[in-house]
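Residues per chain are reported as follows:
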Amino acid sequence: MTTTEPMTQAALQGAERPRRFGALYIAEHQVRAMRAYGWTIVISSVGNPLVYLLGIGLGLAAFIDQPVANGADGPVDYVLFVAPALLASAAVGVATEEFTYVVMAGFKWRRIFWGMNASPVSPEQICTGLILSVAARILFTTVVYYVLMLAFGAVGNPWAGAAMPLVGLLAGLAFGLPLLAYSATLTEDGGQFAVVQRFIFTPLFLFSGTFYPLDSVPVGLQWIGWISPLWHASELGRDLSYGTSGGWPWWSHLLVLLAMAGVGGVLARRTFVRRLRG
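Residues numbered from 1 in each chain as written. Predicted model: local features only at pLDDT ≥ 70, side-chain atom pairs only at ≥ 80, totals over all residues. Heavy atoms only, no water.

Engineer: Just give me the short version of the side chain of Glu98, but keep the residues and values in it.
Structural biologist: Within the secondary structure, Glu98 sits in helix 4 (residues 78-98). For Glu98, a relative accessible area of 2% gives the class buried. Reaching out from Glu98, the side chain makes a polar contact with the side chain of Arg137 at a distance of 2.6 Å. Aside from chain neighbours lying at most four places away, what touches Glu98 is Met34, Tyr37, Val103, Val134 and Arg137. (Helix = DSSP H or I, 4+ residues; strand = E, 2+ residues; numbered from the N terminus. Buried < 20%, exposed > 50% of the residue type's maximum accessible area, 1.4 Å probe, protein only. Polar contact = N/O pair within 3.5 Å; in protein donor to acceptor, adjacent residues only side chain to side chain. Contact = heavy atoms within 4.5 Å.)

Here it is as structure tokens:
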């Protein structure tokens, strides 16, 4: 054995490590990149729920003299009804932000995905690492949101409600992963992301039973909620918080969210592979 053989073996072993843990390296890079707008993340994660809960808990709720929903033990306060939906909306909002322009930057503006692809990291790992980093930001946002909900007394059952940050994470992925698959196909920014924000996310936010029960919406519009991960996450969060009476069973909401996230994840990985290897 020559003296160069151990060095060659060591180099090969060193090259295997990034490939084996490539997704974690990509996730670390993306999280570090978020530090450039870290204070924006912190302020929005704290400020948005604070403003919403103050405005609804001390403002709008004071004008609602009749309960809008019933829990397992009877009528619930309005702030308890709306808080789980606001948490899910925050998660979906983060996913919308991170899976649009960040993806365009990676493929076109900064082209960092192409640089990653030239290293011992596969396209699947690039996609998975990006998803992990966004999931970390979503989870940070939903945990902060839940802590503020507890401070405002907006959780009926704090022990069961402790799973709401995970429900919010699932909502963000259920909406965000199909969006990631779509964003990865774009080669130019022609205003598509603005269309997504205004004509997809906003209608879902308004017509997914966020501020009122879905059955109070005209029947012709209720289908928006049925296909919306925001509505399914809101209903699942409400069931955890105070236990809903009637409607879809909790496990059906969970299955819909898992199916949306699973299909979106598969499509996103395939899109990354096709574009980076094409």
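Engineer: Please set out helix 12 (residues 229-241) residue by residue, giving values where relevant.
Structural biologist: Helix length check: helix 12, at 13 residues, gives a terminal C-alpha distance of 18 Å against a target of 18 Å (1.5 Å per residue), a fit within 8%. Counting buried positions over the 13 residues of helix 12 gives eleven, a clear majority of the element. Those residues of helix 12 not exposed but buried are Pro229, Leu230, Trp231, His232, Ala233, Ser234, Glu235, Leu236, Gly237, Arg238 and Ser241. The N-terminus of helix 12 is capped by Ser228, whose side-chain oxygen sits 3.1 Å from the backbone nitrogen of Leu230. (Expected span 1.5 Å × (residues − 1).)

Engineer: Can you tell me about the nonpolar core, naming the residues and giving the values?
Structural biologist: Generally speaking, soluble globular proteins have nonpolar side chains that are buried together. Counting 44 residues, the largest nonpolar core has Phe99, Phe113, Ile126, Leu130, Leu180 and Phe272 as the members making the most contacts within it. Of all elements in the fold, only helix 4, helix 5 (101-109), helix 6 (112-117), helix 7 (123-151), helix 9 (164-183), helix 10 (192-206), helix 12 and helix 13 (250-277) reach the threshold of two or more residues within this core. In terms of residue count, the dominant contributor to this core is helix 9 (eleven residues). Setting aside chain neighbours within four positions, we find Leu180 in contact with Phe99, Val103, Cys127, Leu130, Ile131, Ala268 and Phe272. One finds Leu80, Met149, Ala154 and Val155 within the second-largest nonpolar core, a separate group that totals 22 residues. (Core = buried A, V, L, I, M, F, W, Y, C linked by side-chain atoms within 4.5 Å.)

Engineer: Give me unusual backbone geometry: which residues, what numbers.
Structural biologist: Unlike most non-glycine residues, Arg111 shows phi in positive territory, near 60 degrees. Inspection of the secondary structure puts Arg111 in the loop between helix 5 and helix 6.

Engineer: Give a detailed account of the environment of Phe113, specifying residues and quantitative values.
Structural biologist: Mapped onto the secondary structure, Phe113 falls in helix 6. The class for Phe113 is buried, based on a relative accessible area of 1%. A sequence separation of 137 residues divides Phe113 from Trp250, and the C-alpha atoms of the two residues are 39 Å apart.

Engineer: Now, about the packing of helix 9 against helix 12: what can you tell me, with residues and values included?
Structural biologist: Packing of helix 9 against helix 12 leaves a shortest axis separation of 9 Å and a crossing angle of 170 degrees. When the axis of helix 9 is compared with that of helix 12, the two are roughly antiparallel. Mapping the contact onto sequence places Met164, Val167, Ala171, Ala174 and Phe175 in helix 9 and Pro229, Ala233, Leu236, Gly237, Leu240 and Ser241 in helix 12. Partitioned by chemical class, the residues of the contact of helix 9 with helix 12 number nine nonpolar, two polar and no charged. (Axes fitted to C-alpha atoms, helices over the stretch in contact; angles between N-to-C directions. Parallel < 35°, antiparallel > 145°, perpendicular 65-115°, else oblique. Nonpolar A, V, L, I, M, F, W, Y, C, P; charged D, E, K, R; others polar.)

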